[in-house]
Amino acid sequence: MPLYIDIVLRLLLWLLLAPLLPGIINKVKAWVAGRQGPPVLQLYYDLARLWRKSVVLSTLASPGFIIAPAVAWTAVVAAALLLPLAGAGAAFSFDGDVLLLIYFLALARFCTAWGAMETGSAFEGMGAAREVSFAVLAEIGIITAVLTLVVQSGSIALSSMFEPLPGPGAALLAVGLFIILLAENCRVPFDDPNTHLELTMIHEVMVLDHSGPPLAMILHGAAVKLMLFCIFLAQAVLPLSELPLLISVAALAGSVLLITVAVGLVESLTARLAFKRVPLLLTIGFLFCLFPLILTWMGES
Amino acid sequence: MNTLAPFFLLTNASRISWASVPVFSVTKLVRLTSEMLQSGARLCSWFGVPDQDGTILVAVLALDAESILGVARSEPVSGSYPSLTPAHPQAHLFEREVWEQHGLVPVGHPWLKPVRHTCDNAPANAPFFRVDGGEVHEVAVGPVHAGVIEPGHFRFQCAGEDVLHLEIALGYQHRGIEEALAGGPHPATMHQMETIAGDTTIAHATAYASVLEALGGAEVPLRAQWLRAIALELERLANHTGDMGALALDVAFLPTSAACGKIRGDFLNLTALLCGNRFGRGLIRPGGCMHDLEEKRLLTLIEKLKTHMGDVEQAMAWFWDAASVRVRFRNVGVVYPSQATDIGLVGPAARACGLVRDVRFDHPAGWHRFSQTPVAVWPSGDIFARARVRSLEIQRSGRYLFEQLEAPVDGEIQTPVPAPLPESMAVALVEGWRGEVCHVALTDHYGRLRRYKITDPSFHNWTGLALALRGTAISDFPICNKSFNLSYCGFDL
C-alpha cells in the first residue's frame with residue numbers, strides 16, 4: 001500500500017472514530033444514573049451544527065483567537081498519526097518520534113491557553129493558569145511512562161517501543177497512565193466536562209468564548225486526544241503487536257472501548273477533587289509510572 | 001428580665017397597640033437595642049415608618065432563650081442617627097436599607113451603599129471594596145449566570161485561587177412588594193405574599209396569614225394549623241432534597257444528584273396532593289386553609305411519603321458513604337460560631353455553626369405550640385455541617401410528618417377574620433426551610449396597612465456566604481453557594 005493511502009486511511013480512522021468515545025462515556029454515565037442520556041453519536045451532531053455556525057469574535061481578540069484552536073487541532077491529529085496501531089504499526093516511524101509526540105501535545109496545550117488568554121476575560125485567564133499548572137505534573141507522568149517503555153524495549157521509536165512489560169510492571173503502568181489519561185483529558189475527578197459552573201472549570205472555561213468552527217475543532221481535538229491516550233495506554237500495557245494483524249487491531253479496539261467505559265464508571269461513581277488535592281493525585285499517577293521504570297531497570301541489571 | 005423592661009415584650013404571632021410600643025429618642029433606641037443585642041438578643045427587623053415629622057425607626061428583637069420578642073420605636077427623626085453596625089454587624093443591611101428607603105444616614109456605618117435600588121444607583125454601580133496588591137485580581141460573576149438561576153452580582157478579590165473578599169450586589173429583582181402593601185391588604189396581596197420567594201411560599205403565606213389573624217384577633221381552627229405545619233415540612237423536605245442533589249451535582253457525584261432531582265419532584269407532588277399546587281399556592285389564607293385533607297388523600301399521602309422517605313434515605317446514604325464527597329465539604333467555606341452570632345445568621349446556616357436557633361422551637365406559634373421536632377445542629381460551620389444539618393432535617397421532618405399525619409385533628413379549616421384593628425402592630429415569625437421568615441405589620445387609624453416589613457432569611461444570610469468565602473478557593477464558590485442556597489428575589493422583594 002502506498003504511503004499516502006496508508007496515511008489517508010489512518011487519518012480517516014482517527015477523525016471519524018474519535019467523537020464516538022465521549023458519546024460512549026456519556027452513555028455509561030446516563031446508564032449508571034438510570035437516565036436515557038444523549039445519543040452515542042451526539043458529538044457528531046454537535047460538530048456538524050457548530051461547523052455550520054458563524055464565529056462570534058471579541059473586539060479584544062487578535063487573530064490568535066482563531067489560529068490557536070486550528071494549530072492545537074493540527075498538533076493533536078499529527079501526534080495521533082505518529083502512534084502505531086497494534087499489528088498495523090505506524091505509517092512512518094523514526095528514532096525519537098515519541099519526543100515529537102510529547103511536544104505536539106505540549107504545543108496543543110500551549111495554543112489552547114493562548115487562545116483563552118486572547119479573550120482578556122478573568123475566567124479564561126484563570127482556566128489557563130490551572131491548565132498549565134496541572135499539566136506540569138501530568139507531563140512528568142507521561143515522560144516517565146515513556147521512559148519505562150524505552151528502557152524496556154531499548155528503542156526510542158514509537159513503532160518498536162510498545163513491548164510487553166512483565167506482569168506487575170504492566171499493572172502499575174496501567175494505573176499510572178489511566179490517572180494521567182483522566183487528567184490530560186479533563187475528566188472527573190480532575191475536571192468536570194459537564195459542569196456549567198465557570199468558576200470550577202479547568203479546560204471548559206478556556207473555551208467559553210469560542211464558537212462555531214473553532215469550537216468544533218476544539219471539541220474534535222479533545223476527542224482525538226482522548227482516543228490517543230486510550231490507544232497509548234492499551235499498547236503500553238498489552239502485548240498487542242505480537243498478535244496477528246486482525247486480532248491485534250480487534251483487541252486494540254476492545255481495550256479502547258473498555259478504557260472508555262472505565263472512564264464513564266469513574267465519572268459516575270466518584271466526586272471530583274478539590275483543586276488543592278489535584279497535585280496529590282497527579283503525583284500518585286506519576287509514582288505509578290515511576291515504579292515500573294525502577295522495576296524495568298532492576299530487571300535490566 | 002430587668003434589662004428587657006424598656007422593650008415591649010410579646011409572643012410570636014400576636015398583636016399590640018401602636019401606642020403601647022415604647023418610644024425613645026433615636027439615640028436612646030440605638031443604645032438600648034445595642035445593649036439588648038449585647039446581652040444575647042437577635043435583630044429580627046429594623047425599619048423606618050414614614051411620619052409627618054420624619055421617620056420613626058422600629059426595632060424588633062428576638063430573645064430566643066426567653067421565647068419572646070421585644071419591640072420599641074424612636075421619635076420621628078430626619079437627617080442622621082448613630083449607627084448600630086460598628087458594634088453589631090447584624091444591623092448593617094437593615095441600616096443600609098433604612099438609608100435607601102428613608103434617607104436616614106447611620107453615622108459611623110462602615111460601608112453605606114444601596115441594597116436593592118435599580119438603574120443608576122443600583123448596588124452594582126456603587127464602588128466595590130477592593131484589595132490592592134500586585135498578585136490580587138478581581139473576578140466579576142453575574143448578574144447573568146451559567147445556570148438557570150436568579151440574577152445577582154458577585155465580586156471576588158482573589159490572590160491566585162484563594163478568595164480574600166467577596167462582595168455581593170443584589171437588587172435586580174426588586175418588585176416593590178412592601179410598597180405595594182401600603183394601604184392594603186389589597187385583593188392581590190395574598191398572591192404577592194405567595195411569590196415573595198417562590199420556594200418559600202408556605203412560610204411566607206403562613207407569616208402573612210398569622211399577621212392578619214393577629215391584627216384582626218382571630219384564632220385559626222386547630223385543623224388548619226395542623227395543615228399548615230404539614231405543608232411547611234413538605235416544603236422543607238422538597239427544598240432540602242433538591243439542595244442535597246445540587247451539592248452532589250456540583251462535585252460531579254452523579255448517583256445522589258440524579259436521585260435527588262427526582263425525589264424533590266416527588267415531595268413537590270405531595271404538596272400538590274394536599275392543595276393542587278406543587279409549591280403550595282392557594283393553600284393558606286388568613287383565617288385558615290383552603291383545602292382539607294380528607295381520609296382517602298391522607299392515607300395516600302402517608303403511603304407515598306413512606307416510599308419517598310425510603311428513596312431519599314438511600315440517596316443520602318450514597319452521599320455520606322462516598323469519601324470523595326465528604327472530603328470536598330470538610331473545612332471548606334467555614335463560618336465560625338462567633339461570626340454567625342455577630343452577623344445574625346438564621347436557619348440551617350446558623351444551626352450548622354452550632355447555634356440552636358429554630359423558630360419552631362424558640363418561638364412556637366400555631367401547631368408548633370403543641371408538637372415540636374428536635375433542632376438539628378452541627379458544630380463545624382463548614383459546607384459539611386450545612387449539608388449534615390439539611391440531611392438531619394430531612395430525616396426529622398419526615399418523622400414529624402408521620403407523627404402528625406397519624407394523629408389528625410378534627411374540626412373546621414376556616415374561620416372568619418375580622419378586619420384589622422386600627423393603630424396596631426403585629427409580628428409573626430415562621431421557620432421556613434431557609435430560616436426565619438419575619439413579617440411585621442402596622443395599621444393606620446382606618447385599620448389599613450400603614451407599613452409592612454418583610455424579612456426573608458436570605459436578608460440575614462447573604463453576609464454569611466460572603467464570610468464563608470474568605471480564605472476559600474474560588475473554585476469552591478459554587479458548592480458554598482449551594483450549601484446556603486439563598487433567595488435573590490426574597491432579598492430583593
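Above this text is the structure in question.
Novice: Residues and numbers for the overall build of chain B, please.
Specialist: Helix and strand counts for chain B stand at 16 helices and 16 strands. Taken over C-alpha atoms, the radius of gyration comes to 22 Å for chain B, in line with the 23 Å a tight globule of 493 residues would show. In terms of its C-alpha atoms, chain B occupies a principal-axis envelope of roughly 70 × 60 × 45 Å. Per element, the accessible surface of chain B, about 17,300 Å² overall, is 55% carbon and sulfur. In chain B, 42 side chains carry a positive charge and 51 a negative one; their mean positions are 2 Å apart.

Novice: Any chance you could break down the packing of aromatic side chains for me, citing the residues and the numbers?
Specialist: Scanning the entire structure with this criterion turns up 17 aromatic pairs over all chains. Ring geometry for Phe134(A) against Phe275(A): centres 5.8 Å apart, planes inclined by 65 degrees, an arrangement best described as edge-to-face. In this pair, Phe134(A) is assigned in helix 6 (residues 122-153) and Phe275(A) in the loop between helix 11 (245-269) and helix 12 (278-300), connecting sequence segments 141 residues apart. Both residues of the pair, Phe134(A) and Phe275(A), count as buried. On the numbers, 5.2 Å between centres and 75 degrees between planes, the contact of Trp320(B) with Phe384(B) is edge-to-face. Pair noted here: Trp320(B) is in helix 8 (residues 295-321) and Phe384(B) is in helix 13 (residues 383-406), with a separation of 64 residues, a long-range link. Overall, the relative accessible area of 11% leaves Trp320(B) in the buried class.

Novice: Any details on the packing of helix 6 of chain A against helix 8 (residues 167-184) of chain A? Residues and values, ideally.
Specialist: Residues and elements named next belong to chain A. It is at 10 Å that the axes of helix 6 and helix 8 come closest, and there the two elements cross at 145 degrees. Here the hand of the crossing between helix 6 and helix 8 comes out left-handed. Along the contact surface, helix 6 presents Ala138, Gly141, Ile142, Ala145, Thr148 and Leu149, while helix 8 presents Leu173, Leu177, Ile180 and Glu184. Classifying every residue of the contact of helix 6 with helix 8 gives 7 nonpolar, 2 polar and 1 charged.

Novice: Describe in detail the sheet that holds strand 14 (residues 424-431) of chain B, supporting the description with residues and values.
Specialist: Residue and element names in this part refer to chain B. Sheet architecture is open: 4 strands sit in the order 2-14-15-16, paired in antiparallel fashion. Only two strands of the sheet have a single partner each, and these edge strands are strand 2 (14-17) and strand 16 (449-455). Taken pair by pair, the neighbouring strands of this sheet meet at an average axis angle of 15 degrees, ignoring direction.

Novice: Give a description of the pattern of salt bridges that names residues and reports values.
Specialist: All names here are of chain B. Summed over the entire model, instances satisfying the criterion amount to 39 salt bridges over all chains. Taking the shortest distance from any N to any O, the salt bridge between Glu35 and Arg31 comes out at 3.2 Å. Linking Glu35 with Arg31, this pair stays in helix 1 (residues 26-38), spanning 4 residues, or about one helical turn. Relative accessible area serves as the criterion here: at 42%, Glu35 is assigned to the partly exposed category. We classify Arg31 as partly exposed; its relative accessible area is 45%. Glu436 is the salt-bridge partner of Arg42, the closest N and O atoms lying 2.7 Å from each other. Of this pair, Arg42 sits in strand 4 (residues 42-51) while Glu436 sits in strand 15 (residues 436-443); the two residues are 394 residues apart in sequence, bridging distant segments of the chain.

Novice: Residues and numbers for unusual backbone geometry, please.
Specialist: A negative phi angle is the norm for most residues apart from glycine, just as the trans form is the norm for most peptide bonds. Here the bond from Val188(A) into Pro189(A) is cis, since omega is 10 degrees, no more than 30 degrees from zero. One non-glycine residue, Asn485(B), adopts positive backbone phi at about 40 degrees. Of note, Asn485(B) is situated in the loop between helix 15 (477-484) and helix 16 (488-492). Relative accessible area serves as the criterion here: at 22%, Asn485(B) is assigned to the partly exposed category.

Novice: Which residues make up the sheet that holds strand 10 (residues 153-159) of chain B, and what values do they have?
Specialist: Residue and element names in this part refer to chain B. Read across the open sheet, the 3 strands follow the order 9-10-11; overall the sheet is antiparallel. Strand pairing shows two members of the sheet lacking a second neighbour, strand 9 (136-141) and strand 11 (162-169), which therefore form its edges. Between one strand axis and the next, the sheet turns by 20 degrees as a mean value, whatever way the strands run. Sheet analysis places strand 10 next to strand 11, joined by 7 bridges and oriented antiparallel.

Novice: Any details on the environment of Val266(A)? Residues and values, ideally.
Specialist: All names here are of chain A. Along the chain, the position of Val266 falls in helix 11. The partly exposed category is assigned to Val266, whose relative accessible area is 22%. Counting along the chain gives 79 residues from Val266 to Arg187, while the straight-line C-alpha distance between them is 9.1 Å. Look past the residues within four positions of Val266 in its chain and what remains in contact with it is Phe178, Leu182, Val188 and Pro189.

Novice: Tell me about the interface of chain A and chain B, residues and numbers included.
Specialist: Residue-level contacts link 23 residues of chain A with 26 residues of chain B. Summed over both partners, the interface of chain A with chain B comes to about 2,000 Å²; 67% of that surface belongs to carbon and sulfur atoms. Linking chain A with chain B are 1 salt bridge, by the criterion used here. Between Glu161(B) and Arg130(A) there is a salt bridge, and its shortest N-O distance comes to 2.6 Å. For the interface between chain A and chain B, the tally reads 5 residue pairs in polar contact (both at pLDDT 80 or more). Elements supplying a minimum of two residues to the side of chain A that touches chain B: helix 2 (20-33), helix 6 and helix 11 of chain A. The element best represented in the side of chain A that touches chain B is helix 6 of chain A, accounting for 4 residues. Along the lines of polarity and charge, the residues of the side of chain A that touches chain B split into 12 nonpolar, 4 polar and 7 charged.

Novice: For the packing of helix 5 (residues 97-117) of chain A against helix 6 of chain A, give the residues involved together with the corresponding values.
Specialist: Residue and element names in this part refer to chain A. Where helix 5 meets helix 6, the closest approach of the two axes is 9 Å, and the angle between their N-to-C directions is 175 degrees. One finds that helix 5 runs roughly antiparallel with respect to helix 6. Each of Val98, Ile102, Ala106, Arg109, Ala113, Ala116 and Met117 in helix 5 lies in contact with helix 6, whose residues at this interface are Glu124, Gly125, Ala128, Glu131, Val132, Ala135, Glu139, Ile143 and Val146.

Novice: Break down the nonpolar core for me, with residues and values.
Specialist: Among the nonpolar cores identified, the biggest contains 141 residues, and Trp46(B), Phe154(B), Phe156(B), Leu305(B) and Leu405(B) are the most heavily contacted of them. Sorting elements by how many residues they give to this core places helix 6 (residues 222-250) of chain B first, with 13 residues. Excluding residues within four positions of it along the chain, Phe156(B) makes contact with Leu199(A), His137(B), Glu138(B), Val139(B), Val141(B), Val163(B), His165(B), Leu166(B), Leu469(B), Ile474(B) and Phe477(B). Ranked by size, the runner-up nonpolar core spans 79 residues in total, among them Leu82(A), Leu105(A), Leu181(A) and Ala183(A).

Novice: Lay out empty space enclosed by the protein with the relevant residues and their values.
Specialist: Residue and element names in this part refer to chain A. According to the stated counting rule, one finds 10 cavities of 30 Å³ or more in the structure shown. Looking at the largest cavity, its volume works out to about 140 Å³. For the largest cavity, the lining is made up of 14 residues, of which Glu131, Phe134, Ala135, Ala183 and Glu184 are closest to its centre. Taken together, the elements giving at least two residues each to the lining of the largest cavity come down to helix 6, helix 8 and helix 12. Looking at which element gives the most residues to the lining of the largest cavity, the answer is helix 6, with 5 residues. Here the residues of the lining of the largest cavity are counted per class, giving 9 nonpolar, no polar and 5 charged.

Novice: So what's going on with helix 10 (residues 212-237) of chain A? Which residues, and what values?
Specialist: With 26 residues, helix 10 of chain A should reach 38 Å at 1.5 Å per residue; the first-to-last C-alpha distance of 38 Å fits that figure. For helix 10 of chain A, the buried fraction is high: 22 of the 26 residues fall into the buried class.

Rules used throughout
Residues numbered from 1 in each chain as written. Chains lettered and ligands numbered in written order. Predicted model: local features only at pLDDT ≥ 70, side-chain atom pairs only at ≥ 80, totals over all residues. Heavy atoms only, no water. Helix = DSSP H or I, 4+ residues; strand = E, 2+ residues; numbered from the N terminus. Rg over C-alpha atoms; globule rule 2.2 N^0.38 Å. Areas by Shrake-Rupley, 256 points an atom, 1.4 Å probe, with all protein chains shown as cover. Lys, Arg positive; Asp, Glu negative; His and termini not counted. Charge placed at Lys NZ, Arg CZ, Asp CG, Glu CD. Phe/Tyr/Trp six-rings, centres within 6.5 Å; stacked < 30°, edge-to-face > 60°. Buried < 20%, exposed > 50% of the residue type's maximum accessible area, 1.4 Å probe, protein only. Axes fitted to C-alpha atoms, helices over the stretch in contact; angles between N-to-C directions. Left-handed = near helix turned anticlockwise from the far one by under 90°. Contact = heavy atoms within 4.5 Å. Nonpolar A, V, L, I, M, F, W, Y, C, P; charged D, E, K, R; others polar. Pairing = 2+ DSSP bridges. Salt bridge = Lys/Arg side-chain N within 4 Å of Asp/Glu carboxyl O. Buried area = accessible area lost by both parts, 1.4 Å probe. Polar contact = N/O pair within 3.5 Å; in protein donor to acceptor, adjacent residues only side chain to side chain. Parallel < 35°, antiparallel > 145°, perpendicular 65-115°, else oblique. Core = buried A, V, L, I, M, F, W, Y, C linked by side-chain atoms within 4.5 Å. 1 Å grid on protein atoms, 1.4 Å probe; cavity = no way out; pocket = protein on both sides within 12 Å on 5 of 7 lines; lining within 4 Å. Points joined across faces, edges and corners; volume = space filled by probe spheres on them. Expected span 1.5 Å × (residues − 1).

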